[in-house]
Amino acid sequence: SMRLSGSERQVVVLGAGKDTSYFRYRSGLLTSSSAPVEGGFVRWYEVDMEDVILAKRRILPLLFDELEAGGGGSVGASLHLVAHDLRTCLDDLFSELINNHLFKC
């Protein structure tokens, strides 16, 4: 993760696949010394191949509904799904994130 101002952080998961870290984090089940403090905010980026991201976008509404039904999670966070072939230059990925105002430096 990358610390921004105050308790704001960014997490980038490369090759995210079916990773559920974001949902475990939002539910308070994923903690570490790098997690933001209570009341902080995390921008969570999951990067994977286009077909994986498209499939994840189809099932995410169900996961979000389940999360909200369970209380909505203990911390603020936003999830961004990014389609990118990691076999290509990572500079292109970070340029895309920055140019689309998703990622803060």
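All of the points below concern the structure found in this document.

Calculation notes
- Residues numbered from 1 in each chain as written.
- Predicted model: local features only at pLDDT ≥ 70, side-chain atom pairs only at ≥ 80, totals over all residues.
- Heavy atoms only, no water.
- Helix = DSSP H or I, 4+ residues; strand = E, 2+ residues; numbered from the N terminus.
- Contact = heavy atoms within 4.5 Å.
- Areas by Shrake-Rupley, 256 points an atom, 1.4 Å probe, with all protein chains shown as cover.
- Salt bridge = Lys/Arg side-chain N within 4 Å of Asp/Glu carboxyl O.
- Buried < 20%, exposed > 50% of the residue type's maximum accessible area, 1.4 Å probe, protein only.
- Pairing = 2+ DSSP bridges.
- Core = buried A, V, L, I, M, F, W, Y, C linked by side-chain atoms within 4.5 Å.

**Here we look at the overall build of the chain**
A tally of regular secondary structure across the chain gives three helices and four strands. Each helix and strand of the chain, placed in order from N terminus to C terminus, yields the pattern β-β-α-β-α-β-α. Of all intrachain contacts in the chain linking residues separated by at least 6 positions in sequence, the fraction that spans at least 24 positions is 76%. Surface summary for the chain: the accessible area is close to 6,300 Å², and the carbon and sulfur share equals 55%.

**Considerations on the side chain of His84**
Within the element layout of this structure, His84 appears in the loop between β4 (76-83) and α3 (90-99). With residues near it in sequence (within four places) discarded, His84 still touches Val47, Asp48, Met49, Cys89, Asp92, Leu93 and Glu96.

**Quick look at the pattern of salt bridges**
All chains considered together, the criterion is met by two salt bridges. Residue Glu46 is joined to Lys56 by a salt bridge in which the shortest nitrogen-to-oxygen separation is 2.3 Å. Placement of Glu46 in strand β3 (residues 41-48) and of Lys56 in helix α2 (residues 50-69) is noted, with a sequence separation of 10 residues between them. As far as the burial class goes, Glu46 and Lys56 line up, both buried.

**Quick look at the pairing of β3**
In terms of burial, β3 is largely enclosed, as seven of its eight residues are buried. Relative to β3, strand β2 (residues 8-14) runs parallel, the two sharing seven bridges. Bridged to Glu8 within β3 is Phe41.

**What to know about the nonpolar core**
Within the largest apolar cluster, 13 residues are counted, with the highest numbers of intra-cluster contacts made by Tyr22, Trp44 and Leu79. Only β2, α1 (21-26), β3, α2 and β4 provide two or more residues apiece to this core. Of all hydrophobic cores here, the second largest spans five residues; its members include Tyr45, Val47, Val82 and Leu93.

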